[in-house]
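Next come the chains, spelled out residue by residue.
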Amino acid sequence: MVMSKKLPQGWKKVKLGTLVNIKTGKLDANASSQDGEYPFFTCSVQPLKISSYSYDCECVLVAGNGDLNVKYYNGKFDAYQRTYIIESIDKNELYVKYLYYFMSKYIDVLRAKSIGGVIKYIKLGDLTEAKIPVPPLEEQERIVSILERAHDAICKREESKRLLDELIQSKFVDVFGNPSINSKKWKVEELSNVLVNIENGKSFVCENYNREGIYPAILKLSAVTYGTYNSEENKALIDEESFIETVEVKNGDLLFTRKNTPELVGMSAYVYETTPNLMMPDLIFRLNTNEKCNKIYLWQLINHQLFRGKIKALSNGSAKSMSNISKQNLMRLGIPVPPIVIQNEFADFVSQINKLKFEMENSLKELQNNFNSLMQRAFNGEL
């Protein structure tokens, strides 16, 4: 995060730890309750629900591991033990929403500082030692007002995308019934019976930055984690000669995350289109289906909110912050297998909806680029 060397008169740059109180949640990630009254903040982008609360405050929440992200909340909630809860000591000195937008930008620095193997995490000191530019309160409020208008435009576009996702999930239930109880009584088969095989990714030594052009690279787990394939989430290989063609991602692949945080493990993404020379890491499987199963149907089944419990139940592991699904457990998963003609018709519907989503995503990128430019100017005192 680049800041100008000279801030405007009346501004100061101080360590964040002098302006805020920081604590962490106390609960395990599996403490959520589907019909809970209060939000439960974990390391996932979207909060879960819970039946009780431990906190009632206005704060900024920073995911301490996994997908590092930032949220603002004011009210009653609870939090996962690796979620940082940041409160302003004096709201006349540090406006909480100003802090939220600063942290939303500073998260890029935190990602660069994160440490660990499979699941990256940040330390408390990474937050307390952050240098935040602090203008007078009136200027903080003015900056927030500008950024909120730009952010609202992004949120409206994201909401349109979310509604399309809901449409797909609703259509799935209309066509196939509730997959968790197989309400339409389709034939149930083990996943092994509808797959040709499951292919493993590989472990590579990589740089800490994205590739340029089509230089060989390895996908990050985040390329698949949220159910939509994102080829921009990658890390360049240190040695391009170590590229392995057999694990290169191709159009039409169905990818599956075998290891992740408990709430995100076992997500899948269908690859409509990808760029060359991107490879699967060892944390991702490639599922190759036979003539009984359409990959797009299987993709939507695996990610459907009504079926996620069965996927997560396949996982094991001693680390509370990380779960793993073995190939053997995945092969034994029982799934409804409707006639392939019906699967194919549904897949065509999903593909049409995803064309609309692609157009929205291009527009969203433009809005996001404009917002990032505003953020940069805001914290340099140039708005």
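The present account deals with the structure reproduced in this document. (Residues numbered from 1 in each chain as written. Predicted model: local features only at pLDDT ≥ 70, side-chain atom pairs only at ≥ 80, totals over all residues. Heavy atoms only, no water.)

### Some words on the packing of aromatic side chains
Link 1 in the chain: Under the definition given, this model contains 20 aromatic pairs.
Link 2 in the chain: Taking 5.5 Å as the distance between ring centres and 85 degrees as the angle between the ring planes, the aromatic pair formed by Phe172 and Phe346 counts as edge-to-face. Residue Phe172 is found in helix α3 (residues 137–176), and its partner Phe346 is found in helix α7 (residues 340–378); the two are separated by 174 residues along the sequence. The exposure classification of Phe172 matches that of Phe346, with both residues buried. (Phe/Tyr/Trp six-rings, centres within 6.5 Å; stacked < 30°, edge-to-face > 60°. Helix = DSSP H or I, 4+ residues; strand = E, 2+ residues; numbered from the N terminus. Buried < 20%, exposed > 50% of the residue type's maximum accessible area, 1.4 Å probe, protein only.)

### What about the sheet that holds strand β12 (residues 234–236)?
Link 1 in the chain: Strand order in the open sheet made by the 3 strands is β12-β11-β16, with mixed pairing throughout. Only two strands of the sheet have a single neighbouring strand rather than two, namely β12 and β16 (278–279). (Pairing = 2+ DSSP bridges.)

### Description of the side chain of Thr42
Link 1 in the chain: Take Thr42: it is sitting in the loop between β3 (38–41) and β4 (48–50).
Link 2 in the chain: Given the relative accessible area of 0%, Thr42 is considered buried.
Link 3 in the chain: A distance of 3.2 Å separates a polar side-chain atom of Thr42 from the backbone nitrogen of Ser44. (Polar contact = N/O pair within 3.5 Å; in protein donor to acceptor, adjacent residues only side chain to side chain.)

### Some thoughts on the packing of helix α1 (residues 96–113) against α3
Link 1 in the chain: Relative to each other, α1 and α3 sit at 55 degrees, their axes nearing to 9 Å. Comparing the axis directions of α1 and α3 gives the class oblique. With respect to the hand of their crossing, α1 and α3 are arranged in left-handed fashion. Only Gln140, Ile143, Val144, Leu147, Glu148 and His151 of α3 make contact with α1, whose side of the interface consists of Lys97, Tyr98, Tyr100 and Tyr101.
Link 2 in the chain: Per-class residue counts for the contact of α1 with α3 are 6 nonpolar, 2 polar and 2 charged. (Axes fitted to C-alpha atoms, helices over the stretch in contact; angles between N-to-C directions. Parallel < 35°, antiparallel > 145°, perpendicular 65-115°, else oblique. Left-handed = near helix turned anticlockwise from the far one by under 90°. Contact = heavy atoms within 4.5 Å. Nonpolar A, V, L, I, M, F, W, Y, C, P; charged D, E, K, R; others polar.)

### Notes on the pattern of salt bridges
Link 1 in the chain: Following the criterion strictly, the structure yields 18 salt bridges and no others.
Link 2 in the chain: Glu189 is the partner of Lys292 in a salt bridge, and the nearest nitrogen-oxygen pair spans 3.2 Å. With a gap of 103 residues between them, Lys292 in the loop between β17 (284–289) and α4 (295–303) and Glu189 in strand β9 (residues 188–190) connect regions that are remote in the sequence.
Link 3 in the chain: Take Lys292: its relative accessible area is 32%, and that puts it in the partly exposed class.
Link 4 in the chain: A relative accessible area of 9% means that Glu189 is categorised as buried.
Link 5 in the chain: Linked through salt bridges whose partners overlap, the residues forming this network are Glu159, Arg162 and Glu166. (Salt bridge = Lys/Arg side-chain N within 4 Å of Asp/Glu carboxyl O.)

### A closer look at the sheet that holds strand β6 (residues 70–79)
Link 1 in the chain: Taking strand neighbours across the sheet as the criterion, the 6 strands line up as β2-β7-β5-β6-β3-β4 in an open arrangement whose pairing is mixed. Looking at which strands have only one partner, the edges of the open sheet turn out to be β2 (20–24) and β4. Here the strands of the sheet are splayed against their neighbours by 45 degrees on average, with no regard to which way each runs.
Link 2 in the chain: Summarising the sheet, strand β5 (residues 55–63) and β6 pair through 8 bridges and their orientation is antiparallel. Within the sheet, the bridge partner assigned to Val60 lies in β6 and is Tyr72.
Link 3 in the chain: In the packing of α1 onto the sheet, the strands contacted are β2, β5, β6 and β7 (83–88), and the crossing angle to β5 comes to about 20 degrees.

### A look at the side chain of Gln300
Link 1 in the chain: Looking at the secondary structure, you find Gln300 in helix α4.
Link 2 in the chain: Assessed through its relative accessible area of 11%, Gln300 is described here as buried.
Link 3 in the chain: Those residues within four positions of Gln300 in sequence are excluded, and the remaining contacts are Ile168, Phe172, Phe346 and Val350.

### Observations concerning the pairing of β6
Link 1 in the chain: Bridging between β3 and β6 involves 2 bridges; their strand directions are parallel. Across the sheet, the residue bridging to Phe41 is Ala79, located in β6.

### Overview of the state of the cysteines
Link 1 in the chain: Taken as a whole and judged by the stated rule, the model has 0 disulfides.
Link 2 in the chain: In this structure Cys57 is a free cysteine whose sulfur lies 4.0 Å from that of Cys59, the closest cysteine sulfur available. (Disulfide = S-S within 2.5 Å.)

### Quick notes on the packing of α4 against α7
Link 1 in the chain: Packing of α4 against α7 brings their axes to within 8 Å, and their N-to-C directions diverge by 75 degrees. Relative to α7, the element α4 is oriented roughly perpendicular. Contacts between α4 and α7 involve Ile296, Tyr297, Trp299 and Gln300 from the first element and Gln343, Phe346, Ala347, Val350, Ser351 and Asn354 from the second.
Link 2 in the chain: Grouping the constituent residues of the contact of α4 with α7 by class yields 6 nonpolar, 4 polar and no charged.

This is a description of form; function is not addressed.
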